[in-house]
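Residues per chain are reported as follows:
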Amino acid sequence: MTVSQWYQGKEGAAEHLVYLSKEGKELEKLLNNKKTMIIRGAAGRKVPLGGRAKVGDRVYFVETGGSLLVQYRGIISKVIETEKLTVDESLAFVDTYQPELNLSTEQIKRWAGKKFLAVYQISGLEEIPAFRYRRDKNMDDWVITKVIEEIKE
């Protein structure tokens, strides 16, 4: 497992706001236990999120194209990050975790073939009092913060 050097030794858990594909019904699949992992990939020179998502971190979910309403959270219970992959290795990685990812055909096209991939197992999914995410100008699909209150509307 690859972990960014700059992050090692930092103490305390982070909280994450993670976009899920509304079209791919990711939140629905997580809630119905038809999906237990989420995936991120990078075409560049490093692991997605730079190793900053760790076991025990809390994740809050918002759907793409939606109202920025956050109603559910969970805990990252497992992280698997790859070294640099060939196209074939990337395809095989996605295929290996497809039962837990339950990706749509479009999502497979999006992630398979990336040079670096990471999967995050989500446990303890629970409904929370709803709040809106204050997006500002942030266009990332995974926002890392020390405490979620920093990005609440």
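The text that follows walks through the structure, step by step, so that each part is easy to find. (Residues numbered from 1 in each chain as written. Predicted model: local features only at pLDDT ≥ 70, side-chain atom pairs only at ≥ 80, totals over all residues. Heavy atoms only, no water.)

**Considering the nonpolar core**
Inclusion rule: By convention a nonpolar core is built from buried Ala, Val, Leu, Ile, Met, Phe, Trp, Tyr and Cys residues, the set being connected through side-chain atoms within 4.5 Å. Only protein chains enter the calculation, and the probe is 1.4 Å; a residue is then buried if its accessible area is under 20% of its type maximum, exposed if over 50%, and partly exposed in between. Strands here are runs of E lasting at least two residues and helices are runs of H or I lasting at least four, both read from the DSSP assignment and numbered beginning at the N terminus.
Counting residues in hydrophobic clusters, the biggest one holds 16 residues, and the most contacted among them are Ile38, Phe61, Tyr120 and Trp142. For this core, the secondary structure elements donating two or more residues are β1 (15-20), α1 (26-31), β3 (58-63), β4 (69-81) and β5 (116-132). If you look at the next biggest cluster of nonpolar residues, it comprises 13 residues, including Met37, Leu85, Trp111 and Val119.

**A short note on the pairing of β3**
Operational definition: One requirement defines pairing of two strands: DSSP has to find at least two bridges between them.
Where β1 meets β3, six bridges bridge the pair, whose relative direction is parallel. Of the residues in β3, the one forming a bridge with Glu15 is Arg58. The sheet contact formed by β3 and β4 spans four bridges and is antiparallel. Counted as the bridge partner of Phe61 is Tyr72 from β4. Hairpin remark: β3 followed by β4, antiparallel, with five residues in the connecting loop; positive phi at Gly65, about 70°.

**Section: the pairing of β1**
Of all six residues in β1, six are buried, a share of seventy percent or more. Burial along β1 is two-sided: Glu15, Leu17 and Tyr19 facing one way and His16, Val18 and Leu20 facing the other are all buried.

**Describing the packing of aromatic side chains**
We count it as follows: Here a Phe, Tyr or Trp ring, Trp counted by its six-membered ring, pairs with any other such ring whose centre lies within 6.5 Å, and the pair is stacked when the planes are under 30 degrees apart, edge-to-face when over 60, and tilted otherwise. Should the NZ of a Lys or the CZ of an Arg lie within 6 Å of a ring centre and within 35 degrees of the ring normal, that charge is described as sitting over the ring.
Taken as a whole and judged by the stated rule, the model has four aromatic pairs. Ring centres 6.2 Å apart and planes at 75° place the aromatic pair Tyr19 and Tyr133 in the edge-to-face group. One end of the pair, Tyr19, is in strand β1; the other, Tyr133, is in the loop between β5 and β6 (142-145), with 114 residues separating them in the sequence. For the pair Tyr19 and Tyr133, one class covers both residues: buried. Consider the rings of Tyr120 and Trp142, whose centres lie 4.9 Å apart with planes at 50°: the pair is tilted. Of this pair, Tyr120 sits in strand β5 while Trp142 sits in strand β6; the two residues are 22 residues apart in sequence, bridging distant segments of the chain. Between the NZ or CZ atom of Lys152 and the centre of the ring of Phe131, over which it lies, the distance is 4.7 Å.

**Side note on the pattern of salt bridges**
Filter applied, for reference: The term salt bridge refers to a pairing of a side-chain nitrogen on Lys or Arg with a carboxyl oxygen on Asp or Glu at a separation within 4 Å.
Counting across every chain of the model gives eight salt bridges. Put simply, Lys54 and Asp57 hold a salt bridge, and the shortest N to O gap is 3.5 Å. By relative accessible area, which is 23% here, Lys54 ends up partly exposed. If you follow the salt bridges from partner to partner, you end up with Arg40, Arg110 and Asp141 in one network.

**Points about the environment of Ala118**
For clarity, the threshold we go by: Contact criterion: two residues are considered in contact whenever any of their non-hydrogen atoms come within 4.5 Å of each other.
With respect to the element layout, Ala118 can be found in strand β5. Along the backbone, Ala118 and Leu49 are 69 residues apart, and their C-alpha atoms lie at a distance of 8.8 Å. Setting aside chain neighbours within four positions, we find Ala118 in contact with Ile38, Ile39, Arg40, Pro48, Ile80 and Glu81.

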